[in-house]
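Now for the letters of each chain:
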Amino acid sequence: MKSYSVETVFLPYKTDFPHLLLWSCLLNGFDLLSPGQMTDLLYTEKDLVTSLKDYIRAEESKLERVKWWADKLDSLSAVATQDPEGFLGHPVNAFKLMKRLNTEWADLESLVLSDTTDGFISNLTIQRQHFPTEEDQTGAAKALLRLQDTYKLDANTISTGNLPGKAFLLGMTVEDCYELGKIAYSDVDYYHTELWMAQALKQLDEGEESTIDKVTVLDYLSYAIYQQGEMERALEYTKRLLELDPEHQRAKGNVKYFEFQLEKQRKAEEEESKKQPERPKRETPEKRKKKTKKSFSLVPEKKKYEMLCRGEGIKLTPARQSRLFCRYYDNNRNPMYVLAPVKLQDEWDRPHIVRYLDIISDVEIEKIKQLAKPRLRRATVHDPQTGKLTTAQYRVSKSAWLTAYEDPMIEKINQRIEDLTGLEMDTAEELQVANYGVGGQYEPHFDFGRMSDVTAGGATVFPDVGAAVWPQKGSAVFWYNLFASGEGDYSTRHAACPVLVGNKWVSNKWIHERGQEWRRPCGLNETE
């Protein structure tokens, strides 16, 4: 069994045949929790704030009553204690004293002990079941680290919220930076630990108030730097730590260790220099640049993927560019498009990737989202070791499957795909809806494979050929993952870049080659 790919986008695939990909819309969102779930959490938090304010008002009202009592009794006591015997000689005063001590102080005690937290605590307990888990928080942190690496963002840019296309600029606190550093530290990721502990220290040095002190930050920072082999810098930060806390036992021990190792290293270098007095001349920066410069094809796939996500892909030559066109398309005078042909543009020549413009309406987009939201689950991949479906860090999105019999609109969209591609939909996969929040991604993968799980990407890049296809609301992108011979086209290996700002909704349609025998006849050679 083989297939194609569509990313609604429409595409082919080999456990089947072509692939169609539809970009539904771009909104705001996040990672392991879908943007829809994140929106619900915003309203949950708003409700809790309202409940908290009600509690504060109740506490303030109680304190006002207590204060009134205190002021009244303070004035009364001041008068009474001037002449206690004369004051109590009046029978009314004697009666009121008995009454106050026997009854009114008891009422005051009840007032002070009254619990105004019931409503707030009850609401908090109910809402807590919807709160994110530790896994969700860690996932959000790792999403930020992915974005930092993929888009080459420094920690300060992220911390200040200075991201492209931002609508809401909300900076990170020292505590936020420290938490990111700790999560990286827990993963033995000392590179990111250093970046975020250094950012936390920077904000503390600039005077930001925080419950996190410099000593704690410097402790993590110096250790992370040491673990990366930079002992001199680790020593500098450790000495700074001791200036703040001279009795810090671990730091005192580390200084001695670092100094001993650096001295040992210095002596070793001196001995080595005596054996080899003439060192080879250093290369000039210009020579080094020429020597290390690699063609795009020799760059490791992960680096190519990140370069393409940043818009640093291959530029087509004028000759190749001249073969790409925009046109009105009716798919060989298909009755649905004779009078109203669709707009079609070539995105890439090899493999041939096309984009259908304005192929799905806003109403349809909202309906698909409405149908998919209750079913969104963390997307899975096929584990070749166990043969089972499992979640993976290289695929971070939520997905749902929609069948034609559930709603007439899904059947209508499936028919539209058939009319546009000329391919049979009866043997195709159901319509998949994927939601990528901030940091959501799907690293390089193939959509073809015998008897394998079928997956699809979002804002799609093709590392092997240097192509990048950017999201455009309401458009559909189509390519064949298989040659007409049925062999897989390995140049279609593709990936969904992590979402930097906002979130992406995308629909995928995988069209199996089975059932296309008369619509796309088999080729006579392997790559035809």
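So, here is what we can say about the structure in this document. Every value quoted in this text rests on a predicted model; they were computed, and no experiment measured them.

A few words on the overall build of the protein. Per the secondary structure count, the protein includes 16 helices and 18 strands. Sorting the 528 residues of the protein into buried and exposed places 45% on the buried side. Total accessible area computed for the protein in this model is approximately 29,600 Å², and 54% of it derives from carbon and sulfur atoms.

This paragraph deals with the state of the cysteines. Within the structure shown, the criterion is met by 1 disulfide. Residue pairing for Cys309: its cysteine sulfur links by disulfide to Cys497, the two sulfurs lying 2.0 Å apart. Residues Cys309 and Cys497 are joined through a disulfide that is left-handed, its torsion about the S-S bond being -90°. Linking Cys309 in helix α13 (residues 301-309) with Cys497 in the loop between β17 (494-496) and β18 (503-511), this pair joins segments that are 188 residues apart in sequence.

Ranked by internal contacts, the top residues of the largest apolar core, which has 42 residues, are Tyr151, Trp196, Val217 and Val461. Sorting elements by how many residues they give to this core places helix α7 (residues 174-186) first, with 6 residues. The residues contacting Trp196, other than those within four sequence positions of it, are Leu145, Gln148, Ala155, Ile158, Ser159, Met172, Cys177, Leu180 and Gly181. In this structure, Ala372, Ile413, Leu431 and Trp505 belong to the second largest nonpolar core, which totals 28 residues.

This structure, assessed with the given rule, holds 30 salt bridges. Residue Lys202 pairs with Glu206 through a salt bridge whose shortest N-O separation is 2.7 Å. Its relative accessible area of 34% is what places Lys202 among the partly exposed residues. Assessed through its relative accessible area of 54%, Glu206 is described here as exposed. For Glu347, the salt bridge is made with Arg355, and the minimal N-O distance between the two is 2.7 Å. Neither residue differs from the other here; Glu347 and Arg355 are each classed as buried. Linked through salt bridges whose partners overlap, the residues forming this network are Arg320, Arg323, Asp349 and Arg350.

The rules behind these values
Here the residue numbers are simple positions, counted from 1 along each chain's written sequence. It should be noted that, the model being predicted, local features are given only for residues of pLDDT at least 70 and side-chain atom pairs only at 80 or more, the latter also being counted only at that level, while totals for whole chains, interfaces and linings use all residues. Calculated side-chain values reflect all of the structure's heavy atoms, with hydrogen atoms and water omitted. Only DSSP runs of H or I covering at least 4 residues are called helices, and only runs of E covering at least 2 are called strands; the numbering of each starts at the N terminus. The buried label applies to any residue whose accessible area, calculated with a 1.4 Å probe on protein chains only, is under 20% of its type's maximum; exposed applies above 50%, and partly exposed to all values in between. Here the open area of atoms and residues is found with the Shrake-Rupley method and a 1.4 Å probe, where only the protein chains shown may cover a residue. Note on disulfides: each one is a pair of cysteine sulfur atoms within 2.5 Å. Throughout, nonpolar core names a set of buried Ala, Val, Leu, Ile, Met, Phe, Trp, Tyr and Cys residues whose side chains join them through atoms within 4.5 Å. We call two residues in contact when some of their heavy atoms are within 4.5 Å. We count a salt bridge whenever a side-chain nitrogen from Lys or Arg sits within 4 Å of a carboxyl oxygen from Asp or Glu.

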